[in-house]
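Structural overview for review
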Amino acid sequence: MSHWTDRLESDDAEDSLVRPYTITRGRTAPQRDDLTLITVVTTVEPGDGRAAARRLEPEHRAILDQCRTPAAVAEIAAELDLPVSVTKILIGDLVSLGRVTTRPPLAAEQSGGLNVELLQAVRDGLQRL
């Protein structure tokens, strides 16, 4: 490979690390420990709607758009193409702002515990990414 190609690949690797660090404002771990891969996130529309959304990072707005239909944390991370830890930080921001709600999946709520088959399906899907 040429020096130029090596430099482009190096720049891409650095950019892929810098952007998550920037959008989380340097935070490396979520403040909330109740968010799992299968936690369901749903957008809550505030009274001022789009005006408040303009002050958010593009990734926050993407989460709000995606979660108009309830989505699992793992699905959100895959759609954003971000690490799950970064996605959890962004979701935590939105929870703090009252812009999304979170809950365990219905199967876990109804049975009183986690659905092992669902967890395995999520794990298998994440490994394919």
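Looking up the protein chain in an unreviewed UniProt entry gives the name DUF742 domain-containing protein, with the organism given as Streptomyces glaucosporus.

1. Structural notes on the overall build of the protein chain
For the protein chain, the helix and strand inventory stands at seven helices and three strands. Split into buried and exposed, the 129 residues of the protein chain put 31% on the buried side. Surface accessibility of the protein chain: about 8,200 Å² in total, with carbon and sulfur atoms responsible for 53%.

2. Observations concerning the pattern of salt bridges
Per the counting criterion, the structure on display carries two salt bridges. Among the salt bridges present, the one from Glu45 reaches Arg68, with a minimum N-O distance of 2.1 Å. Taken together, the positions of Glu45 in the loop between β1 (40-43) and α2 (50-53) and Arg68 in the loop between α3 (58-66) and β2 (71-72) put the pair 23 residues apart, joining distant regions of the chain. Where Arg68 meets Asp65, a salt bridge forms, and the shortest distance between an N and an O atom there is 3.2 Å. Residue class for Asp65 comes out partly exposed when judged on its relative accessible area of 43%. Members of the salt-bridge network, linked through shared partners, are Glu45, Asp65 and Arg68.

3. Thoughts on the sheet that holds strand β3 (residues 100-103)
Taken in spatial order, the three strands of this open sheet run β2-β1-β3, and their pairing is antiparallel. Each edge of the open sheet carries a strand with a single partner, namely β2 and β3. Pairing of β1 with β3 involves four bridges; the strand directions are antiparallel. Among the inter-strand pairings, Thr43 is bridged to a residue of β3, identified as Val100. The strands touched by helix α5 (residues 84-96) within the sheet are β1 and β3, with β3 carrying the most contacts at an inclination of about 115 degrees.

4. A look at the environment of Leu90
Of note, Leu90 is situated in helix α5. Sequence separation between Leu90 and Glu57 is 33 residues, and the spatial gap between their C-alpha atoms is 9.2 Å. For Leu90, the residues in contact, after removing those within four places along its chain, are Ile23, Glu59, His60, Ile63 and Leu82.

5. Side note on the nonpolar core
Within the largest apolar cluster, 17 residues are counted, with the highest numbers of intra-cluster contacts made by Val41, Ile63, Ile76 and Ile91. The set of elements that each furnish at least two residues to this core consists of α3, α4 (73-80) and α5. For this core, the element with the most residues is α5, which contributes four residues. When neighbours within four sequence positions are excluded, Ile91 is seen to be in contact with Leu35, Val41, Ile63, Val73, Ile76, Val100 and Thr102.

6. Some points on unusual backbone geometry
Even without being glycine, Asp81 reaches a positive phi, approximately 60 degrees. Examined against the element boundaries, Asp81 turns out to sit in the loop between α4 and α5. Residue classification places Asp81 among the exposed residues on the basis of a relative accessible area of 69%.

Parameters and conventions
- Residues numbered from 1 in each chain as written.
- Predicted model: local features only at pLDDT ≥ 70, side-chain atom pairs only at ≥ 80, totals over all residues.
- Heavy atoms only, no water.
- Helix = DSSP H or I, 4+ residues; strand = E, 2+ residues; numbered from the N terminus.
- Buried < 20%, exposed > 50% of the residue type's maximum accessible area, 1.4 Å probe, protein only.
- Areas by Shrake-Rupley, 256 points an atom, 1.4 Å probe, with all protein chains shown as cover.
- Salt bridge = Lys/Arg side-chain N within 4 Å of Asp/Glu carboxyl O.
- Pairing = 2+ DSSP bridges.
- Contact = heavy atoms within 4.5 Å.
- Axes fitted to C-alpha atoms, helices over the stretch in contact; angles between N-to-C directions.
- Core = buried A, V, L, I, M, F, W, Y, C linked by side-chain atoms within 4.5 Å.

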